[in-house]
Amino acid sequence: MLFDKVAIRPGSVTTVAQIESKWIFGLSGNPSACFVGFELFTRPVLRCALGATAHPHLPRSKAVLVHDIPNNKRITRLMRGLLEVRGSRVLASTVGVDKSGVASSHDQID
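What you see is a predicted model, and the numbers here were worked out from it, not measured in a lab.

Draft legend 1. Summary view of the packing of aromatic side chains. As enumerated under the stated definition, the model contains two aromatic pairs in all. Measuring from centroid to centroid gives 6.0 Å for W23 and F25, while their planes differ by 10 degrees, and the two rings are stacked. Given the relative accessible area of 25%, F25 is considered partly exposed.

Here you go:
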């Protein structure tokens, strides 16, 4: 076992293990958490296994947050967002319902 549980939300119940040359990924059953776990842990390993030598992770960029978000310093919180480019600035805001079981960024109708 390489690790079991990570300090991120959604996706804290992620497990990664290796048996001989085989990788085992245990990802959350919630749609958003599974997507996060796949992008952060599974895709980079697959890309490297397929011969990618540079940039196995998705590209990153810096943005200015347009509104406050409560901060929990004990855990990294990944949220759905919207990026907007205005001149040379990239602006970020949260969108949609922030629950790991929700698969859409649009507001849910009750």
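Draft legend 2. Just the pairing of strand β7 (residues 81-86), in detail. Among the six residues that make up β7, zero are buried, leaving the element largely open to the surroundings. Judged from the six bridges that link them, β7 and strand β8 (residues 89-94) form a sheet pairing that is antiparallel. The residue bridging L83 from the neighbouring strand is A92, located in β8.

Draft legend 3. Examining the environment of R86 more closely. Relative to the assigned elements, R86 resides in strand β7. Assessed through its relative accessible area of 52%, R86 is described here as exposed. At 2.9 Å, the side chain of R86 forms a polar contact with the side chain of E84.

Draft legend 4. Fine view of the side chain of T14. Inspection of the secondary structure assignment puts T14 in the loop between β2 (8-9) and β3 (15-19). Looking at T14, the relative accessible area reads 0%, which means it is buried. Setting aside anything within four residues of it in sequence, one finds T14 in contact with F3, D4, K5, V6, G26, L27 and F41.

Draft legend 5. Broad picture of the sheet that holds strand β4 (residues 22-26). With antiparallel pairing, the three strands of this open sheet are ordered in space as β1-β3-β4. Both outer strands of the open sheet, β1 (3-4) and β4, are each paired with one neighbouring strand and no more. In the sheet, β3 pairs with β4 via five bridges, with the strands oriented antiparallel. Each residue of the ladder has a partner; that of A17, found in β4, is I24.

Parameters and conventions
In every chain, residue numbers begin from 1 and rise along the written sequence. With pLDDT at 70 or above as the cut-off, local features in this predicted model cover only qualifying residues; side-chain atom pairs require 80 or more to be listed or tallied, and sums for whole chains, interfaces and linings still use all residues. Working from all heavy atoms in the structure, the side-chain values ignore hydrogens and water. Pairing of aromatic side chains here covers Phe, Tyr and the six-membered ring of Trp, requires ring centres within 6.5 Å, and sorts the geometry by plane angle: under 30 degrees stacked, over 60 edge-to-face, intermediate tilted. Accessibility here uses a 1.4 Å probe with only protein chains present; expressed as a share of the type maximum, an area under 20% marks a residue as buried, one over 50% as exposed, and anything in between as partly exposed. Only DSSP runs of H or I with at least four residues qualify as helices, and only runs of E with at least two residues qualify as strands; both kinds are numbered from the N terminus onward. At least two DSSP bridges between two strands are needed for those strands to be called paired. A 3.5 Å cut-off defines polar contacts: any pair of N or O atoms within that distance qualifies, except that in protein one atom must be a possible hydrogen donor and the other a possible acceptor, and neighbouring residues in sequence count only when both atoms are side-chain atoms. Any two residues having at least one pair of non-hydrogen atoms within 4.5 Å are treated as being in contact.

Any functional reading would require information beyond the geometric quantities listed.
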